[in-house]
Amino acid sequence: MRPISRFTFVVVIAAALVGCTSTSGARNEASAATNTPVNVVYHVNEGNAQALNALRNIRNHLNADPTAKIVVVTHAGGINFLLDGAKDSNGAPFDATVQELKAKGVDFRVCRFTLERNKIDPAKVIPEVTLVPSGVAEVSRLQFREGYSYLKP
């Protein structure tokens, strides 16, 4: 093994120090990022059983991270729990849970295409909900344009 020159040694040490500085900078950025709310889209399209799981997951999510920004996007069979008078398998109305979560900042969105295809009057959707043109387009928009993480219960 041949000895390294003083110049090479200085370059290696400088590179190591730059690496340490950039690593600690990354740690500082990660720490700063923890102060930024997490944005999550919950995708519900399979009916009331999935909706019940989603609502439970969202409650748990908010208990663990009350600053999370959560949007629930529904289409196909996933819209049913957001229709007036909808009840879970135990006969409990969904609207009370939706109202509770809405008060905590959760946003609920229903696919207008699903309503039209199933000939459901938009007036049957509970008032806490926003209609969007397409549920799948809304999920992809939130992910791509707004950086939301995707969860499907």
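Residues numbered from 1 in each chain as written. Predicted model: local features only at pLDDT ≥ 70, side-chain atom pairs only at ≥ 80, totals over all residues. Heavy atoms only, no water.

**Student:** Is there a simple way to think about the nonpolar core in this case?
**Tutor:** In a soluble, globular protein the nonpolar side chains are often hidden away together inside. Grouped together as the largest cluster of nonpolar side chains are 27 residues, with contacts concentrated most on Ile-58, Ile-70, Val-72, Phe-81, Leu-82, Val-106 and Phe-108. Counting only elements with at least two residues in this core, the list comes to β1 (39-44), α2 (48-64), β2 (69-74), α3 (94-103) and β3 (107-111). Sort the elements by how many residues they give to this core and α2 lands first, with five residues. In contact with Ile-58, other than residues within four places in its own chain, are Tyr-42, Ile-70, Val-72, Leu-101 and Val-106. Residues Val-41, Val-71, Val-73 and Tyr-148 belong to the second largest nonpolar core, which totals six residues. (Core = buried A, V, L, I, M, F, W, Y, C linked by side-chain atoms within 4.5 Å. Buried < 20%, exposed > 50% of the residue type's maximum accessible area, 1.4 Å probe, protein only. Helix = DSSP H or I, 4+ residues; strand = E, 2+ residues; numbered from the N terminus. Contact = heavy atoms within 4.5 Å.)

**Student:** Can you walk me through the pattern of salt bridges in this structure?
**Tutor:** Think of it this way: side chains of opposite charge can pair up when their charged atoms draw near. What the rule picks out here adds up to eight salt bridges. Where Glu-100 meets Lys-104, a salt bridge forms, and the shortest distance between an N and an O atom there is 3.8 Å. In this structure Glu-100 comes out as partly exposed when scored by relative accessible area, which is 28%. Measuring nitrogen to oxygen at the nearest pair gives 3.6 Å for the salt bridge that ties Lys-102 to Asp-107. Exposure remark for Asp-107: the relative accessible area of 12% places this residue in the buried category. Overlapping salt bridges bring together Lys-102, Asp-107, Arg-109, Glu-138, Arg-141 and Glu-146 as one network. (Salt bridge = Lys/Arg side-chain N within 4 Å of Asp/Glu carboxyl O.)

**Student:** What is the right way to look at the confidence of the model for the protein chain in this model?
**Tutor:** Atom-level detail of predicted coordinates should not be read off regions where pLDDT is low. Summarising the model, the protein chain shows a mean pLDDT of 86, and 78% of its residues fall at 70 or more. Of the regions scoring below 50 in pLDDT, residues 7-32 engages in one contact with residues more than four places distant in sequence or in other chains. (pLDDT = per-residue confidence, 0-100.)

**Student:** Honestly, the packing of aromatic side chains in this entry has me stumped. Any pointers?
**Tutor:** Given two aromatic rings, their pairing is described by the distance between the two centres and the angle made by the two planes. Scanning the model with the defined rule gives two aromatic pairs in all. Plain terms: the ring middles of Phe-81 and Phe-94 are 5.6 Å apart, the flat faces sit at 65° to each other, and that makes the pair edge-to-face. Placement of the pair is Phe-81 in the loop between β2 and α3 and Phe-94 in helix α3, with a sequence separation of 13 residues. Here Phe-81 falls in the buried class, since its relative accessible area comes to 1%. Exposure remark for Phe-94: the relative accessible area of 2% places this residue in the buried category. With 6.5 Å between their ring centres and 70° between their planes, Phe-81 and Phe-108 make a pair best called edge-to-face. On the criterion of sequence distance, the pair formed by Phe-81 in the loop between β2 and α3 and Phe-108 in strand β3 is long-range, its members being 27 residues apart. Side by side, Phe-81 and Phe-108 carry an identical accessibility label, which is buried. Aromatic rings pair up to connect Phe-81, Phe-94 and Phe-108 into one cluster. (Phe/Tyr/Trp six-rings, centres within 6.5 Å; stacked < 30°, edge-to-face > 60°.)

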